[in-house]
Amino acid sequence: MQHGIYYAYWEREWDGDYQHYVKKAAGLGFDILEIAAGPLPEYTDEELSSLKKCAQEHNIRLTVGYGPDPKNNIASADPDVRAHGLEFYKDLFCRMEKIDADLIGGAIYSCWPIDYSRPVDKKGDWERGVEGIAKLAKIGLDYGVKTIGMEVLNRFENHVLNTSKEGTAFVKAVRQLEPAAVNVKVMLDTFHMNIEEQSIGAAIRTAGDLLGHFHTGECNRMVPGQGRTPWREIHDALKDIGYDGAVVMEPFVIPGGTVGRDIKIWREIVEDTSEEALDRDVKNALIFQRYMLER
């Protein structure tokens, strides 16, 4: 397993100095830094090259997370939006190739967070999403994207994929439509599974060999080890399916900014949110996670 951390643990905005967080992740003992896709279209080739070099020098693998903007929704009922989304991802995949990032995960099949003040069309969004992801998979292969993770989210953030059963069925539907889409995989997250699944272990086993990316965090959004998540059950299920891929922590504990707004963090989840304290907590969490998942 490779263990990672999402940069936004320390941030209030969906952006940041990724080179700073590469160095921080390496210093704390991580193998992976997950960054947000949103800012990458603004990077120059020189900036992408510099980020790649920094990651290589610190032996850090870069992965990418994305909560798609509605204008990039490849399942939109508007064909112009769908076409725009495909062009956005084509450009994004090109940029990912330039920083040696071959994994992206998130609600790529839709947008995030969903505006529930408007009616939703689950069946239509599902069908258009399957068609869009099938096209996207082939584009990704051209740029060396080995994993496009269909993140299964809780009902409050998205309506298309809420359970591992749905996520697995979606991936199978994509592969049936486009057999070359071997890079389309299920992505599970312990926080979301805690809300939606009857059994986290059963959910992991349902995904089986289709599981391509795994996020960790407590039910209270804290770092692993500071909540009531059933880590032994998770360990046993991951072992049963032979999962040995990326395991990226995605805790959120700081209110404010666009991150706090979108994740719905209305208070300081932990008493001390100084950088020193956050570093200490996540370093201990990494020790805990390695022990619980690799023992």
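Residues numbered from 1 in each chain as written. Predicted model: local features only at pLDDT ≥ 70, side-chain atom pairs only at ≥ 80, totals over all residues. Heavy atoms only, no water.

Enquirer: Provide a residue-level description of the overall build of the chain, including the pertinent values.
Expert: The helix and strand inventory of the chain stands at ten helices and eight strands. Over its C-alpha atoms, taken along the principal directions, the chain stretches across nearly 50 × 45 × 40 Å. Every one of the 295 residues in the chain was classed for burial, and the buried ones make up 57%. Contacts in the chain between residues far apart in sequence, at least 24 positions, make up 76% of those at least 6 positions apart. Within the structure as shown, the chain displays about 12700 Å² of accessible surface, and the carbon and sulfur contribution to it stands at 48%. With 35 positive and 48 negative side-chain charges, the chain shows a separation of 4 Å between the mean positions of the two kinds. (Helix = DSSP H or I, 4+ residues; strand = E, 2+ residues; numbered from the N terminus. Buried < 20%, exposed > 50% of the residue type's maximum accessible area, 1.4 Å probe, protein only. Contact = heavy atoms within 4.5 Å. Areas by Shrake-Rupley, 256 points an atom, 1.4 Å probe, with all protein chains shown as cover. Lys, Arg positive; Asp, Glu negative; His and termini not counted. Charge placed at Lys NZ, Arg CZ, Asp CG, Glu CD.)

Enquirer: Got a sec to walk through the pattern of salt bridges? Specific residues and values, please.
Expert: Any two side chains of opposite charge can pair, on the condition that their charged atoms come close. In total, this model carries 19 salt bridges according to the counting rule given. A salt bridge links lysine 123 to glutamate 127; the nearest nitrogen and oxygen atoms lie 2.7 Å apart. Placement of the pair is lysine 123 and glutamate 127 together in helix α4 (residues 122-142), with a separation of four residues, close to one helical turn. Overall, the relative accessible area of 59% leaves lysine 123 in the exposed class. The closest approach of N and O atoms between lysine 135 and glutamate 131, which form a salt bridge, is 3.6 Å. With lysine 135 and glutamate 131 both in helix α4, this residue pair falls four residues apart, about one helical turn. One salt-bridge network, held together by shared partners, links Lys24, Glu275 and Asp279. (Salt bridge = Lys/Arg side-chain N within 4 Å of Asp/Glu carboxyl O.)

Enquirer: Residue-level account of the environment of histidine 84, with values.
Expert: Examined against the element boundaries, histidine 84 turns out to sit in helix α3 (residues 79-98). Residues histidine 84 and asparagine 73, spaced eleven residues apart in sequence, show a C-alpha to C-alpha distance of 8.3 Å. Leave out the neighbours within four places in its chain, and histidine 84 touches Lys71 and Asn72.

Enquirer: Talk me through the packing of helix α7 (residues 200-207) against helix α8 (residues 231-241); I want residue IDs and the actual numbers.
Expert: Two numbers describe how α7 lies on α8: the axes approach to 8 Å, and their chain directions differ by 15 degrees. Between α7 and α8, the interaxial angle falls into the category roughly parallel. Along this stretch, α7 crosses α8, giving a crossing that reads as right-handed. The segment α7 lies against α8, with Ile200, Gly201, Ile204 and Arg205 engaging Glu233, Ile234, Asp236, Ala237, Leu238, Asp240 and Ile241. Residues that form the contact of α7 with α8 fall into these classes: six nonpolar, one polar and four charged. (Axes fitted to C-alpha atoms, helices over the stretch in contact; angles between N-to-C directions. Parallel < 35°, antiparallel > 145°, perpendicular 65-115°, else oblique. Left-handed = near helix turned anticlockwise from the far one by under 90°. Nonpolar A, V, L, I, M, F, W, Y, C, P; charged D, E, K, R; others polar.)

Enquirer: Go over the sheet that holds strand β5 (residues 147-151), please, and point to the residues and values.
Expert: Here eight strands make up a closed barrel; going around it, the order is β1-β2-β3-β4-β5-β6-β7-β8 and the pairing parallel. When the angles between neighbouring strand axes are averaged without regard to direction, this sheet yields 30 degrees. Two elements, strand β3 (residues 61-66) and strand β4 (residues 103-106), share three bridges in a ladder whose sense is parallel. Across the sheet, glycine 65 pairs through a bridge with glycine 105, a residue of β4. The strands that helix α5 (residues 164-177) touches are β5 and β6 (184-189); relative to β6, the one it contacts most, it runs at about 170 degrees. (Pairing = 2+ DSSP bridges.)

None of this, on its own, says anything about what the molecule does.
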